[in-house]
Every structure is written in C-alpha cells, then in structure tokens.
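Per-entry structural report
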Amino acid sequence: MDRKRMTAIGVVVAALGLTAAVTLPSFAGQSAAPGTGGPAGATATDGVAPEVVDALRRDLRLSREQAVRRLTAERQAAGTVNRLRTSLGGDYGGAWLSADGSTLTVAVADPAQAAKVKAAGAVPKQVRRAVNELDAVKSRLDSVGRTATPEITGWYVDVATNSVVVLAQPGAEARARRWAANSGAPADAVRVTTSREQPRPLFDLVGGEPFFINNAGRCSIGFSVVGGFVTAGHCGRVGARTTGFNQAQQGTFAASSFPGDDWAFVRTNNQWTPQGVVTDFNGGVVPVNGSTEAPVGASICRSGSTTGARCGVVQAKNATVNYPEGTVTGLTRTNVCAEPGDSGGSWISGDQAQGVTSGGSGNCTVGGVTFFQPVNEILQRNNLTLVTANNAQQSTQPQAPATVPPAQASPPPATGDTACAGTVRRSGTLTAGRAQAQPDGRFYVAQAGAQSACLEAAGNGRLLLELQRFTGGAFQTVARAATVDGVAKLSANGAAGAYRYRITALSGSASYTLAFSAN
C-alpha cells in the first residue's frame, strides 16, 4: 500500500439541529427523517427496493413509475439474454438495451437466427462477427497490453457497433492504430476512439462500510460472502491484515489479484457477521438477493463513501483498462462518476449484485467513467458463496463492537406485553424492502451510558434491527442484529446524543414489537 495515498472518509449532508426537521440525502428510499412528519419507510414496488428507485429518479431523471417500469423491463431482459445466449450458441453477437431501457436488441451473425430473437420478444440485428469473435480480437489486444503506451487508456468489446473499441488520448490515435495492428487484430474489427479519459485506481476508497489495511490504507467492503467479503484487489495483497470501521480486528486478505484483475477476498474473524445488504449511507441498507448480470444499457447504481450513491447505465462489458500499474481486463464500463474514496465498493442493479469498484476517470462534479470488476467472476474464481438477504447467517450480536451511544428514552412508553423487556415499546408491520424508524419515525435523546433493545417478529419475514446515532451530519449504524427464530437483541455503550432504531424487512413480511431501554 506504500504507493497509495489515502484520504479521510467524507460524506456531505445538510446541517441539523437535534430539534429541527431534517432531510438527509438519499440513495435511501427512507422517505422521512426525524421530524419531517412523512412516512418512516418507503414501500417496495414489484420487488424493487425503494432505495434503488429513488436513486434512479435522481440520477436518470425518471419518475417513480418510469424507474419501476425500467427496472422490471431490465430484469426481464436479463433473463431473455441468458436464454438467447444459450439458444444462439456461436451465432450470438451480443445484446444491449436502448437508451430508455425499453427495447432489447440482440445481434446475430446468422440471419436465419433472427426468428428466435423475435420470438423471444427482442429486436434482431444482423452483424458480421459473433461475440466470441469480438472477444478473440480483444484477447489479441490483451496479449500485448504491456506494450500499450499511457496514451492508450483502454479497450473493450462494443457489441452495438460490432467492434472492439480502443481509446486513445488526443494526438495518439495513429499510435493506437499501429499498436492494434501489431497485435494481429483485424483492422476492420478495431475502432480507435479519441478519449480524454485518464483512468486510475481509486485508492483512497470505500463503497460499503469502510475497512483499513495494515492500519494505514482504507478501502470499502464490496459484498458479503460466506466467510468474509469481496473488494478490490488493489486494496491489499495476500496476508495484509484488516480492521473494521471501529478499528476492531477484522480479518486477512486470503486472495488478491491486481493488475490483470482487480478483485480480492478478505476472510474475517468470528467477531464479524456477513450480511446480505449494502449500506445506503443514509442510515439504512439495500437488500442483495442474487447476482444476475445486467445487460449493456441497463441502469446501475454504486455506493461509495466519498460521493455517496450514484447511478447511470452499463456502457460495455469485457473492457480492458491500462492503469499506470498495468492492464486490468474483463471490467465493466459505466458512465457513473466516482472519486478517490469510492473504490472497492458495491455495484447493484435492482437487488442484484454486479461488482466492486475498480477505477475511473473524471469526477462527480464534471462527470466521468467508472469501471467495476464483475462479482460473479470473483465468486467463481475463489469458490465463494454470495450472502443474500434471504440466506444471510446472522448472529444476535452487533456486527461490530461500537464505541458509541447509550440513552434515556424520552418518548412515552407504549402499552402491550411482549416477550421482550424494555421501558419503551413500539410496534409495526413490514414487507420485504421496507424500513421503519422508531420511535414514531423520529429520534430520541440519550445520555452517555448503556442501552439495549429487543425485537420480536411474527410472520415469515426476516428483520434487521439497527441502533443509529446522529453523528457527522447523518444517522450512522452503531449496532445491528438480525432476527433468529423471530427475535433479535442488541446492546451498545457510548456518548450522549440523538438516537433512533431502524427496522428493515430483509425478506418476507412480519409484524414486530420493539422494546428498548437506556440508562
């Protein structure tokens, strides 16, 4: 990590007085913060997490209905593409969605295959080369990637133009063409494009919650897997030790690849429990329910602690990026912006995990391009199992010991008996993807000391209970527990401040009773 310059984590939010109404920036579909008077949680629509819908509305400038319709169409398109890829075999030329996500085009090298595409509800396009031929051309470029000068910033398969695109900085186009020709790649299969991109790994990073490497560098958790989590390979080498956001011992890099690839697997100790969710940097989480790969043209969102949650579309797959440290192949190219501090973080399409942030060009002021390492390759190469919201093995202890809050509950106690003891009680009902803040969608003020909570759920839902303290301009989770056999318990100690509990339905539906106390 000696070549990496790390910076502090920063999330900019609106200033807040504890007694004032507050609106927090959101990837989060949580529609009301303390004191706003709005609903405590947003309702999932057609199985789509409200957090994702809200982020798409903001970044793609869509209405709620358009966002839901697009996500639904993209989910259907992904299934269609998978079936046609198998059916078309060697004649499959790639697939892509239109700019508005409404039309799926599938390229075929044999015009006789067009009927299969039409029957599947897609638009056929005849092309000269099948996608496996384009991949072969790109492989030739990859084989001489070490000879590419810095002015050649990357190359990727562009199925929409049935070519391999080579990106060259202004004035370097001729050198790029000579370099491609020297690889043996057919000239008519390569298209050189002028680009001012200057990709570099985003070293002083984070996407999900932060972690630290050898007490120096900082990166972010990509996705939880059984036994630990995946992140970017440039974050650390095999054997590097990690600590969590609270500086507690966390784990060790068990596998890492960079350059060439940009993935890593961190094996964690038994103090940490993998959760099938992604932080939304607004005090909530987005459930992860699988890793079905989204097609080119699909909307996609990433989460990073420097610039928060940002959305855009998938531009290309199988891209090679020529970083100063060496080339990385097999990346996915997007028009989502990112900045140092965002690397290693989570990419998600709907509720499907897509990859971890590798690097990019530009920033979130003027816009940019960002690449991610596909998560399925990481899982397959390392024989890992993705932890999802439906199968997460979660303990009844906080995910990490936090040096934080206590509390005296100021809201009046509610009536009713439950198996959970506490001086304050609140009840509610949740369905998958929905979250509620308690007490009453607001917060309470606590003195320094200990506090505890118990959540009892009835129904087929799996609930996540989080204790959150308002700090640094936003509610931050300091302890969490998921229901096991219908009950979740947690406790924490810390400083005086404003607190709330957030209950999220990871799957199914359930009614619940929350009981909590503070000294």
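Residues numbered from 1 in each chain as written. Predicted model: local features only at pLDDT ≥ 70, side-chain atom pairs only at ≥ 80, totals over all residues. Heavy atoms only, no water.

**A few points about the overall build of the protein chain**
Rule in force here: Secondary structure follows DSSP: runs of H or I at least 4 residues long count as helices, runs of E at least 2 residues long count as strands, and numbering of each begins at the N terminus. Summary of the burial criterion: residues with accessible area below 20% of their type's maximum are buried, those above 50% are exposed, and those between are partly exposed, where the area comes from a 1.4 Å probe applied to protein chains only. Two residues qualify as a contact provided that any one of their heavy atoms is within 4.5 Å of a heavy atom in the partner residue. Here the accessible surface of atoms and residues is derived via Shrake-Rupley with a 1.4 Å probe, and residues count as covered only by protein chains that are part of the display.
Looking only at helices and strands, one finds six helices and 31 strands in the protein chain. Here the protein chain holds 519 residues, and 59% of them are scored as buried. For the protein chain, long-range pairs separated by at least 24 residues make up 68% of all intrachain contacts whose partners lie at least 6 apart in sequence. When the accessible area of the protein chain is evaluated, it comes to approximately 19900 Å², of which 48% is carbon and sulfur surface.

**What about the environment of S305?**
With respect to the secondary-structure elements, S305 resides in the loop between β17 (299-304) and β18 (308-323). Its relative accessible area of 1% is what places S305 among the buried residues. Along the primary structure S305 and G341 are separated by 36 residues, whereas in three dimensions their C-alpha atoms are 6.4 Å apart.

**Considerations on the sheet that holds strand β3 (residues 123-126)**
Convention followed: Each pair of strands is called paired provided DSSP finds at least two bridges between the two strands. The axes are straight lines fitted to the C-alpha atoms, using for helices just the contacting stretch, and the angles between their N-to-C directions are given from 0 to 180°.
Sheet architecture is open: three strands sit in the order β1-β2-β3, paired in mixed fashion. Among the strands making up the open sheet, the edge pair consists of β1 (92-97) and β3. The mean angle between the axes of side-by-side strands here comes to 25°, regardless of whether they run parallel or antiparallel. In this sheet, strand β2 (residues 104-108) lies alongside β1 in antiparallel orientation, the contact comprising four bridges. Bridge assignment links L97 to a residue of β2, and that residue is L104.

**Remarks on the state of the cysteines**
The line we're drawing: Any two cysteine sulfur atoms lying within 2.5 Å of each other are counted as a disulfide.
Enumeration over the complete set of coordinates arrives at four disulfides. Paired by a disulfide, C337 and C364 hold their sulfur atoms 2.0 Å apart. Negative torsions about the S-S bond denote left-handed disulfides, and the value of about 100° found for C337 with C364 makes this one right-handed. On the criterion of sequence distance, the pair formed by C337 in the loop between β19 (326-334) and β20 (346-349) and C364 in the loop between β21 (352-363) and β22 (367-374) is long-range, its members being 27 residues apart. Exposure class is identical for C337 and C364. Each is buried. Each bonded cysteine of the protein chain is numbered by sequence order, and under that numbering the disulfide pairs are 1-2, 3-4, 5-6, 7-8.

**Overview of the packing of aromatic side chains**
The condition that has to hold: Only rings of Phe, Tyr and Trp enter the pairing, Trp through its six-membered ring, and a pair is recorded when the two centres are within 6.5 Å. The plane angle decides the type: under 30 degrees is stacked, over 60 is edge-to-face, the rest tilted.
One pass over the full model with this rule turns up six aromatic pairs. A network of ring pairs unites the aromatic residues F211, F229 and F253 as a single cluster.

**Focus on the nonpolar core**
Convention followed: Only buried Ala, Val, Leu, Ile, Met, Phe, Trp, Tyr and Cys residues count toward a nonpolar core, and they belong to the same one when joined by side-chain atoms within 4.5 Å.
With 43 residues, the main nonpolar core has L104, V106, L141, V166 and W179 as its most contacted residues. Only α2 (64-88), β1, β2, α4 (131-143), β4 (152-158), β5 (163-168), α5 (173-182) and β6 (190-194) provide two or more residues apiece to this core. The contact partners of L104, leaving out residues within four places of it in the chain, are A77, T80, V81, A95, W96, L97, A122 and V123. Counting residues in each nonpolar core, the second largest holds 28 residues, with V53, A255, V278 and V375 among its members.

**What to know about the pattern of salt bridges**
A side chain of one charge can pair with a side chain of the opposite charge if their charged atoms are brought near each other. Using the following cut-off: Just to be clear on terms, a salt bridge is a Lys or Arg side-chain nitrogen sitting within 4 Å of an Asp or Glu carboxyl oxygen.
Applying the stated criterion across every chain, the model contains 16 salt bridges. Residue R175 is joined to E151 by a salt bridge in which the shortest nitrogen-to-oxygen separation is 3.9 Å. You can see R175 sitting in helix α5 and its partner E151 sitting in the loop between α4 and β4, a full 24 residues away along the chain. Look at R175 and you get partly exposed, because its relative accessible area is 37%. One connected set of salt bridges, linked through shared partners, spans D54, R57 and R64.

**Brief notes about α5**
What counts is decided by this rule: Directions pointing from the helix axis toward each C-beta atom define the arc.
Taken together, the buried positions of α5 are E173, A176, W179 and A180. Seen along its axis, α5 keeps its buried residues to an arc of 120°; they face one direction. Of the exposed residues in α5, those oriented more than 90 degrees away from the buried face are A181 and N182. Looking at the packing, one finds that the buried side of α5 touches α4, β4, β5 and β6.

**Describing the confidence of the model for the protein chain**
Put simply, the test is: By definition, pLDDT measures how confident the predictor is in each residue, and it falls between 0 and 100.
Within the protein chain, residue pLDDT values average 80, and 82% of them lie at 70 or more. When the criterion is pLDDT under 50, residues 1-44 qualifies, and its contacts beyond four places in sequence or with other chains add up to 111 contacts.

**Overview of unusual backbone geometry**
A cis geometry characterises the amide bond from F258 onward to P259, with omega recorded as -10°. Relative to the helices and strands, P259 resides in the loop between β13 (249-257) and β14 (263-268). Looking along the chain, the bond that leaves Q438 and enters P439 is cis, with omega of 10°. Considering the arrangement of structural elements, one finds P439 in the loop between β24 (435-438) and β25 (444-446). One non-glycine residue, N318, adopts positive backbone phi at about 55°. Here N318 is to be found in strand β18. The backbone of D485 sits at a positive phi, close to 55°, despite the residue not being glycine. Here D485 shows up in the loop between β28 (474-482) and β29 (487-494).

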